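Observations on the three-dimensional arrangement
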Amino acid sequence: MNVADSERAATGLRASGYDLCESVDDADVVLLNTCSVREKAERKVYTRIGEVRAARPDKQDLLVGVMGCVAQLEGKAVFEHASSVNMVIGTRATDRISSLIERARDGERKVLDLGERGEHDSWDVSPVERHSPHVAFIPIIEGCNKFCSFCIVPYSRGRERSRPATEIITEVKRLQALGYKEIHLIGQNVNSYRPRVEDGLEGFSGATPFCRLLRAVAATGLPRIKFTTSFPRDFHPDIVAAIEENPNLCDWVHLPVQSGSDRILKLMRRGHKRSDYLARIERVKNSKRRLALTSDVIVGFPGETEEDFQDTISLVSQCEYDSLYLFKYSKRAGTPAAEFRETVPEKEKTARFLELEKVQRAAQEKIYTSYVGRTLSVLAERQSSRSEADLTGHSTCHKVVNFSGTRNLEGEIVDVIVTAAKTNSLYGTLINRSAVGVRGT
Ligand code: SAM
């Protein structure tokens, strides 16, 4: 979401006549896009503001702005924490940045905009600002209505707002015409997608608006379509049916579970029990296509006992995730969990983190090793940062695959036979497409 926000901000700024530069040394304005999901990310921004100012001691008129979730949540307090900040730009003010810069340039000392989106705000992102010429992020829903007790997102990004399907489909077609091979439909909870109007979904069936959208986007014929993040309570089995019907809907589902203990899930206000989650993933696991499953887990949530933690260990072992994003609970002021008394000591959180990481590593090693000898369809995205002789990309099951290849293949979807498994990636050899009999995922 942060990458997509930066792309959108850059598009608007360029349209208003600004040029974007790579280095602080060349800038007249520096904008820091921020995340507040965990405390560490939030703290980083203040360190970064200091670094930016220190890099340009002679440029008195350098304007510094903070945008994104920290800006939205802290508002005016950002100016108190860091008096050298000129602009605080909330999460829904992305389309007004150029006018905020103008106000600061005209001498306004502390420019603040925490307002809502305008009626006619544009989601358009120029291809020049996209993070990749081959893979594009398309936001389909903003905000969150779930109010999980640990999470700051509903406060930093506001309520859920779904983008009209016609707009999404037009964007997909435009990207397809530009040669993009892969798109990611993104949002805090993509499967809670509920647009105000049906336009664009007519003729596409599905148990939920999201399932209909998946089918509508698949019908464009864009080669690879991924989506993230799904919310367990809203995960309808028809999502898997849509994937099975459409080869261009990729073989990957990201479904954050957060904990394996019913007691903790209740305290987290997730709205699902362990058994509900396991029922949801059963359809994923039993799909006729082999679908990769990934998840998020928080350890050390307030009041998490050793027994609760062991429930998480057993759930993670049972789910056999292709990969897992593991987080130590981070207290977020303003969320209900921040008021919970029974906190888990930092040392214990670290111990649990390491124990769960070990369990996941072992399971992942087995899964990754099982890919050796299989052929994967890989989008060659760029040269590997480790070796100039290698290209790197993702499989349809969203695994990083590195293979020996030349840069003229960038942007191509190629077949790679996996020859080695690493902890978080696969290594393989490019093969002649016509020589492939069976293509795995
Ligand atoms: N909307 C998705 C959901 O709740 O299923 C996830 C969105 S959240 C931005 C990404 C992940 O950050 C969460 O799944 C959770 O594991 C982690 N996270 C959120 N708040 C956290 C906190 N206070 N401490 C630690 N991790 C947190």
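Here's a quick rundown of the structure.

Thresholds applied
- Residues numbered from 1 in each chain as written.
- Predicted model: local features only at pLDDT ≥ 70, side-chain atom pairs only at ≥ 80, totals over all residues.
- Heavy atoms only, no water.
- Pairing = 2+ DSSP bridges.
- Helix = DSSP H or I, 4+ residues; strand = E, 2+ residues; numbered from the N terminus.
- Buried < 20%, exposed > 50% of the residue type's maximum accessible area, 1.4 Å probe, protein only.
- Near = heavy atom within 4 Å.
- Polar contact = N/O pair within 3.5 Å; in protein donor to acceptor, adjacent residues only side chain to side chain.
- Areas by Shrake-Rupley, 256 points an atom, 1.4 Å probe, with all protein chains shown as cover.
- Nonpolar A, V, L, I, M, F, W, Y, C, P; charged D, E, K, R; others polar.

**Comments concerning the pairing of strand β15 (residues 400-404)**
On any regular strand, side chains alternate: one points to one face of the sheet, the next to the other face. Sheet topology note: the strand β14 (residues 390-395)/β15 ladder contains five bridges and is antiparallel. Bridged to Thr392 within β15 is Asn402. Counting the residues that bridge the hairpin from β14 to β15 gives four residues, and of these His398 lies at a positive phi of roughly 60°. Both β15 and strand β17 (residues 425-431) contribute to a ladder of four bridges, which runs parallel. Residue pairing for β17: Phe403 is matched across the bridge by Gly428.

**As for the pairing of strand β11 (residues 292-299)**
Within β11, eight of the eight residues are buried, leaving the element largely enclosed by the surrounding structure. Burial of β11 is two-sided: the residues Ala292, Thr294, Asp296 and Ile298 facing one way and the residues Leu293, Ser295, Val297 and Val299 facing the other way are all buried. The pairing of strand β10 (residues 252-254) with β11 spans three bridges and is classified as parallel. Note on β11: the bridge partner recorded for Val253 is Leu293. As defined by bridge partners, β11 adjoins strand β12 (residues 323-328) across six bridges and the pair is classed as parallel. By the bridge assignment, Ser295 is partnered in β12 with Leu324.

**Things to note about the site of the ligand**
Around the ligand sit 18 residues in total, of which Gln188, Gln258, Arg270, Asp296 and Ser330 are the nearest. Separating an oxygen atom of the ligand from a side-chain N or O atom of Arg270 is a distance of 2.9 Å. Within the complex, the protein chains bury 92% of what would otherwise be the 570 Å² of accessible surface of the ligand. Those elements that provide at least two residues to the shell around the ligand are β11 and β12. Classifying every residue of the shell around the ligand gives eight nonpolar, five polar and five charged.

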